[in-house]
Amino acid sequence: MKIAYFLFATLLGFNLNLSAQVESTGTSSLDSGTISEQFEYLKDVSSNYQEYKVIRRSQLDKIQSNILDSISSYQSNILELKQTLDENSNQIKALNEELSATVADYEQAVAEKDSFTLFGMLLHKNYYNNLVWGIIILLLILLVISFFRFKRGHRITAETRQTLEDLREEFEQHRRNTLERERKLNRQLVDALNNKDS
């Protein structure tokens, strides 16, 4: 009987020693590795009871704590990522607004570079060139028309002057003839009156 007690005590001590080693390695294994590795470790160290796996309460609490810690860490990471995403979105929005303002300034600078200010209005160079050439062509047309009108007017004036000179000469000739006739008539009248008196 003493041998049985001795064997029982030895087996119990060996079993407790083995159990302590498994628990110490289990705790260390539950302290590191991914959640999936920790679950695999639990499957390996758990004992079988019929078709079920029996897990120590301390190991179950430890994996629950690890999972909750992981969830908390993931949630804080998610919050940080959301904050970073919001900051990036705000920065992108600000950069887009700045880009829009820069594009508007660039387009205005290009428009001003390609334009002239005329009477307070901003005219594009092409429109300005077309306007200037249009005015030049209009002035040339007016000059040609004025030249031909002047030439025609000059010709008409010269003809009118010639006609006027001809009329003056004719009038002067007619006046002389009339004066000559008048003198003749006066002489004849004077001669007739003289003849009548004598």
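Novice: I would appreciate a short explanation of the overall build of the protein in the present structure.
Specialist: A tally of helices and strands in the protein yields four helices and four strands. Going residue by residue from the N terminus, the α and β elements of the protein occur as α-α-β-β-α-β-β-α. The 198 residues of the protein split such that 6% are buried. Contacts in the protein between residues at least 24 apart in sequence constitute 32% of all its contacts with a sequence separation of at least 6. Working note: accessible area of the protein is about 17,600 Å², and carbon and sulfur atoms make up 60% of it.

Novice: Explain the packing of helix H2 (residues 35-45) against helix H3 (residues 57-113) here, please?
Specialist: The angle between the axes and the distance between the axes are what describe a pair of packed helices. Axis separation between H2 and H3 bottoms out at 11 Å; the angle between their running directions is 170°. Viewed along their axes, H2 and H3 adopt a mutual orientation that is roughly antiparallel. Between H2, through Ile 35, Gln 38, Phe 39, Leu 42 and Val 45, and H3, the contact on the second element is made entirely by Gln 59, Ile 63, Asn 66, Ile 67 and Ser 70. Looking at side-chain class alone, the contact of H2 with H3 contains six nonpolar, four polar and no charged residues.

Novice: Quick question: what am I supposed to make of the environment of Lys 53 here?
Specialist: Relative to the elements of secondary structure, Lys 53 occurs in strand E2 (residues 52-54). Taking relative accessible area as the criterion, Lys 53 reaches 46% and is therefore assigned partly exposed. For the pair Lys 53 and Lys 43, spaced 10 residues apart in sequence, the C-alpha separation works out to 7.4 Å. Contact partners of Lys 53, with chain neighbours within four places excluded, come to Lys 43, Ser 46, Ser 47 and Asn 48.

Novice: What exactly am I supposed to notice about the pattern of salt bridges here?
Specialist: As a working rule, side chains carrying opposite charge can pair if their charged atoms are close by. If you walk through the whole model with that rule in mind, you get five salt bridges. Arg 155 serves as the salt-bridge partner of Glu 159, at 3.8 Å between the closest nitrogen and oxygen. Note that Glu 159 and Arg 155 are positioned in helix H4 (residues 125-197) at a spacing of four residues, about one turn of the helix. The salt bridge partner of Glu 172 is Arg 175, with a shortest N-O separation of 2.7 Å. One end of the pair, Glu 172, and the other, Arg 175, are both in helix H4, three residues apart, so they sit about a helical turn from each other. Judged by relative accessible area, Arg 175 falls into the partly exposed class, the value being 39%.

Novice: Hey, could you run me through the packing of aromatic side chains in this one?
Specialist: A full pass over the atoms with the stated rule returns one aromatic pair. Relative to Phe 148, the ring of Phe 147 has its centre 5.7 Å away and its plane inclined at 65°; by these criteria the two rings are edge-to-face.

Novice: Looking at this structure, I do not really get H3. What am I missing?
Specialist: Helical geometry note: an α-helix holds 3.6 residues per turn, so side chains three or four residues apart project in the same direction. Its 57 residues give H3 an end-to-end C-alpha distance of 81 Å, which sits within 8% of 84 Å, the value for a rise of 1.5 Å per residue. Those residues of H3 that sit buried are Gln 59, Ile 63, Asn 66 and Ser 70.

Novice: Explain a nonpolar patch on the surface here, please?
Specialist: Residues Trp 133, Ile 136, Ile 137, Leu 140, Ile 141, Leu 143 and Ile 145 make up a contiguous nonpolar surface patch of about 700 Å² in total accessible area. With respect to the secondary-structure elements, Leu 140 resides in helix H4. On the accessibility criterion, Leu 140 (49% relative accessible area) is partly exposed.

Novice: I would appreciate a short explanation of a positive patch on the surface in the present structure.
Specialist: The grouping of Arg 181, Arg 183, Lys 184 and Arg 187 at the surface amounts to a positive patch. Note that Arg 181 resides in helix H4. Residue class for Arg 181 comes out exposed when judged on its relative accessible area of 51%.

Novice: Help me understand the confidence of the model for the protein in this model?
Specialist: On average, residues of the protein carry a pLDDT of 82, and 85% of them reach 70 or more. Low pLDDT, under 50, characterises residues 14-28; the predicted model gives this stretch 10 contacts beyond four residues in sequence or across chains.

Reading guide: rules and limits
Residues numbered from 1 in each chain as written. Predicted model: local features only at pLDDT ≥ 70, side-chain atom pairs only at ≥ 80, totals over all residues. Heavy atoms only, no water. Helix = DSSP H or I, 4+ residues; strand = E, 2+ residues; numbered from the N terminus. Buried < 20%, exposed > 50% of the residue type's maximum accessible area, 1.4 Å probe, protein only. Contact = heavy atoms within 4.5 Å. Areas by Shrake-Rupley, 256 points an atom, 1.4 Å probe, with all protein chains shown as cover. Axes fitted to C-alpha atoms, helices over the stretch in contact; angles between N-to-C directions. Parallel < 35°, antiparallel > 145°, perpendicular 65-115°, else oblique. Nonpolar A, V, L, I, M, F, W, Y, C, P; charged D, E, K, R; others polar. Salt bridge = Lys/Arg side-chain N within 4 Å of Asp/Glu carboxyl O. Phe/Tyr/Trp six-rings, centres within 6.5 Å; stacked < 30°, edge-to-face > 60°. Expected span 1.5 Å × (residues − 1). Patch = residues over 30% accessible without salt bridge, like charges linked within 9 Å, V, L, I, M, F, W, Y side chains within 5 Å. Lys, Arg positive; Asp, Glu negative; His and termini not counted. Charge placed at Lys NZ, Arg CZ, Asp CG, Glu CD. pLDDT = per-residue confidence, 0-100.

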